[in-house]
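Summary of structural features
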Amino acid sequence: MTDPRLDSLLQDCPGLRLKTDPADLEHYGRDWTRRWTPAPLAIALPGSVEEVQAILRWASAQRVAVVPSGGRTGLSGGAVAAHGELVLSLERMNKPLAFDAVDRTLTVQAGMALEAVHNAAREHGLIYPVDFAARGSCSIGGNIATNAGGIRVIRYGNTREWIAGLKVVTASGELLELNKGLIKNSSGYDFRQLLIASEGTLGVIVEATLKLTDPPPASNVMLLALPSFEVLMQVFAAFRERMQLQAFEFFTDRALEHVLAHGAQAPFEEVHPFYVVTEFAAGDEAQEAAAMAAFEACMEQGWVSDGVVSQSEAQAAQLWRLREGITEAVARYKPYKNDVSVRISAMPAFMAQTQALIGEAYPHFDVVWFGHIGDGNLHINVLKPDGTDDAEFLQQCEHVTKLLAKVLKDFDGSISAEHGIGLVKKGYLDSTRGPAEIALMKAVKHAFDPQGLLNPGKVFDL
Ligand code: 2HG
Ligand code: ZN
């Protein structure tokens, strides 16, 4: 242990597990953005709420910055530690704590992986319905800290809807018990909701009480091929008015090319410009008939050129892989990511405008479009062209984001739909939030963390 501050940390928190190997600093100091060079002071791996409190009391007394850390699958740099911060990893606090059948809640430690939460809920015959591709690696604490969305928001809403209570340790080491699992609680400010999407800047989430619900009947997955993006919203309307959708996702031919190159199986013989994956309840004749009616209506109108419905769970997984595999398939091109949202009704005009804008400014860019179209949420990944240098590419992408931010402002959209602001988008926060709102956000930050030690530099600079 070289840094004397760590000796004092161990004095205040005897038995605390610490990692300081260069490989660990590298591993825990970065997230999936891969843009910043990790340089944390050390990694603290507490095993209890009391240890988290002791760490934060120490950090506050010693004025050491702390980066709360979950699965580090974030795409906005929210978990990056590049300036000598102490990384506070919740990785060892990964257990379910309590299930209540009457309340239909599951209380878990914040370091539990989303997939483990799913499995724990299933053991009780219920589901925790928030879901997305990083389920195996992301942590529930990180999901809450970013108000993660994913593929079933259209049916179940964002993480925010599923949090009945939170335990949070503040910058000074106080333990807050927020909402305590209540359904009705009209007793003033709801700090639970404030902590959700705060990206580790207001407190460290250590435990969460999650709402659970009944599992849906078995699902069918349908993949549709579309001739153009202009018909996307018509197809959406045709399906939504006939049935309850569990997902409605889209991707382009470029996205599919990358996923196929990464080992997935081609769904159709021909190539189509746009694709939709939709999911609905199966085993219910009325739902299946409604899906067929929607499909036929779309074919008749020429809005859909081909389609396939899963006949087994394995085929459903195969179809989902075409959509869920995109992030991994494009990762080797070091994509610059945009995660934006507008109201669903504004989606066609917004997409047309942004496509034209990017195409005009950077016609040589390989842009992969996909996302949760049923939630008005687009993922725009710009892939780094071969031979372009990293700095030049970044500069061009920042320019693209500036153009996007301007359009978003006109459309009253958001620069971050579900990934958070972190480091990547903090320069564009004012495209989504007004000056009075940002001033209040800073005042709230000051009230919770007067020394500015919790995840400094994320979301905004003080
Ligand atoms: C998804 O919807 C994730 O697959 C990742 O939000 C999006 O890689 C991305 O840009
Ligand atoms: Zn997404």
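Note that this is a predicted model, so its numbers are computed, not measured.

Scanning the protein for helices and strands turns up 15 helices and 16 strands. Taking 462 residues into account, the globule formula puts the C-alpha radius of gyration at 23 Å, and the protein, at 23 Å, falls close to it. A principal-axis box enclosing the C-alpha atoms of the protein has dimensions of 70 × 55 × 45 Å. A sequence separation of at least 24 residues applies to 72% of the contacts in the protein between residues at least 6 apart. Side-chain charges of the protein comprise 41 positive and 56 negative groups, with the mean position of each set lying 6 Å from the other.

What follows deals with helix α11 (residues 313-324). Its twelve residues place the ends of α11 16 Å apart at the C-alpha level, agreeing with the 16 Å of an ideal helix rising 1.5 Å per residue. Buried within α11 we find A316, L319, W320, L322, R323 and E324.

A separate point is the environment of A290. By the secondary structure assignment, A290 is in helix α10 (residues 285-301). For A290, a relative accessible area of 13% translates into the label buried. Placed 255 residues apart in sequence, A290 and R35 show a C-alpha to C-alpha distance of 46 Å. The residues contacting A290, other than those within four sequence positions of it, are R242 and M243.

The next point concerns helix α13 (residues 347-361). In this model α13 runs 21 Å from its N-terminal to its C-terminal C-alpha over 15 residues, within 8% of the 21 Å that 1.5 Å per residue would give. Turning to α13, its buried residues are M347, F350, M351, T354 and I358. Down the axis of α13, the buried set is contained in an arc of 95°. They therefore lie on one face.

What follows is about the packing of helix α1 (residues 4-12) against helix α3 (residues 49-62). Their axes nearest at 9 Å, the elements α1 and α3 cross at an angle of 135°. Taken together, α1 and α3 sit at an angle that is classed as oblique. Here α1 and α3 pass one another in a crossing that is right-handed. Where α1 approaches α3, its residues R5, S8, L9 and D12 are matched on the opposing element by A54, I55, W58 and Q62. The residue makeup of the contact of α1 with α3, split by class, is four nonpolar, two polar and two charged.

As for its placement among the helices and strands, H379 is situated in strand β16 (residues 377-383). By relative accessible area, H379 is classed as buried at 5%. Not counting the four nearest positions on each side in its chain, H379 is found in contact with R323, N338, D339, V368, W369, F370, G371, H372, E418 and H419.

The mixed open sheet is built from four strands, whose spatial order is β1-β2-β4-β3. Strands at the two margins of the open sheet, each flanked by one partner only, are β1 (18-19) and β3 (66-69). Pairing of strand β2 (residues 42-44) with strand β4 (residues 86-89), which is carried by three bridges, proceeds in the parallel orientation. Following the sheet pairing, I43 is matched in β4 by V87. Sitting on the sheet, α3 is in contact with β2, β3 and β4, with an inclination near 165° to β4.

We now examine the site of ligand 1. Surveying the vicinity of ligand 1 reveals the residues L75, R323, T327, K337, F370, H372, H379, N381, E418 and H419. H379 has a polar side-chain atom sitting 3.0 Å from an oxygen atom of ligand 1. The protein chains hide 88% of the 290 Å² of surface that ligand 1 would expose on its own. Of all the secondary structure elements, the ones that give two or more residues to the shell around ligand 1 are β15 (366-372) and β16. For the shell around ligand 1, the class distribution of residues is two nonpolar, five polar and three charged.

Mapped onto the present numbering, the UniProt feature "domain: FAD-binding PCMH-type" (unreviewed entry) falls on residues 36-215. Helix makes up 22% of residues 36-215 and strand makes up 22%, while its end C-alpha atoms are separated by 41 Å.

Pairing is antiparallel in the open sheet, where five strands are placed in the order β5-β6-β9-β7-β8. Two strands close off the open sheet at either side, each with one partner strand: β5 (96-100) and β8 (175-178). On average, adjacent strands in this sheet sit at an angle of 10° to one another, irrespective of strand direction. In the sheet, strand β6 (residues 105-109) pairs with strand β9 (residues 204-211) via five bridges, with the strands oriented antiparallel. By the bridge assignment for β9, T107 is matched with T209. Sheet strands in contact with α3 are β7 (163-169), β8 and β9, and its direction is about 145° off that of β9.

Six octahedral donors around a metal ideally make angles of 90 or 180 degrees; four tetrahedral donors ideally make 109.5 degrees. Each protein donor to the zinc ion (ligand 2) is listed here as H372 (NE2), H379 (NE2) and E418 (OE); together their distances run 1.9 to 2.1 Å. Linear spacing of the donor residues for the zinc ion (ligand 2) on their chain is H-x6-H-x38-E. Taken together, the positions of H372 in strand β15 and E418 in the loop between α14 (390-410) and α15 (435-448) put the pair 46 residues apart, joining distant regions of the chain.

The phi torsion at R72 lies on the positive side, around 55°, for a residue other than glycine. Structurally, the position occupied by R72 is in the loop between β3 and β4. Even without being a glycine, A197 presents a positive backbone phi close to 80°. Secondary-structure assignment places A197 in the loop between α7 (191-195) and β9. A197 gets classed as partly exposed once you look at its relative accessible area, which sits at 32%.

Conventions and cut-offs
Residues numbered from 1 in each chain as written. Chains lettered and ligands numbered in written order. Predicted model: local features only at pLDDT ≥ 70, side-chain atom pairs only at ≥ 80, totals over all residues. Heavy atoms only, no water. Helix = DSSP H or I, 4+ residues; strand = E, 2+ residues; numbered from the N terminus. Rg over C-alpha atoms; globule rule 2.2 N^0.38 Å. Contact = heavy atoms within 4.5 Å. Lys, Arg positive; Asp, Glu negative; His and termini not counted. Charge placed at Lys NZ, Arg CZ, Asp CG, Glu CD. Expected span 1.5 Å × (residues − 1). Buried < 20%, exposed > 50% of the residue type's maximum accessible area, 1.4 Å probe, protein only. Arc of directions from axis to C-beta. Axes fitted to C-alpha atoms, helices over the stretch in contact; angles between N-to-C directions. Parallel < 35°, antiparallel > 145°, perpendicular 65-115°, else oblique. Left-handed = near helix turned anticlockwise from the far one by under 90°. Nonpolar A, V, L, I, M, F, W, Y, C, P; charged D, E, K, R; others polar. Pairing = 2+ DSSP bridges. Near = heavy atom within 4 Å. Polar contact = N/O pair within 3.5 Å; in protein donor to acceptor, adjacent residues only side chain to side chain. Areas by Shrake-Rupley, 256 points an atom, 1.4 Å probe, with all protein chains shown as cover. UniProt positions renumbered as here; feature names shortened; annotations may be inferred. Donors = N, O, S within 2.8 Å, 3.2 Å for Na, K, Ca; no water.

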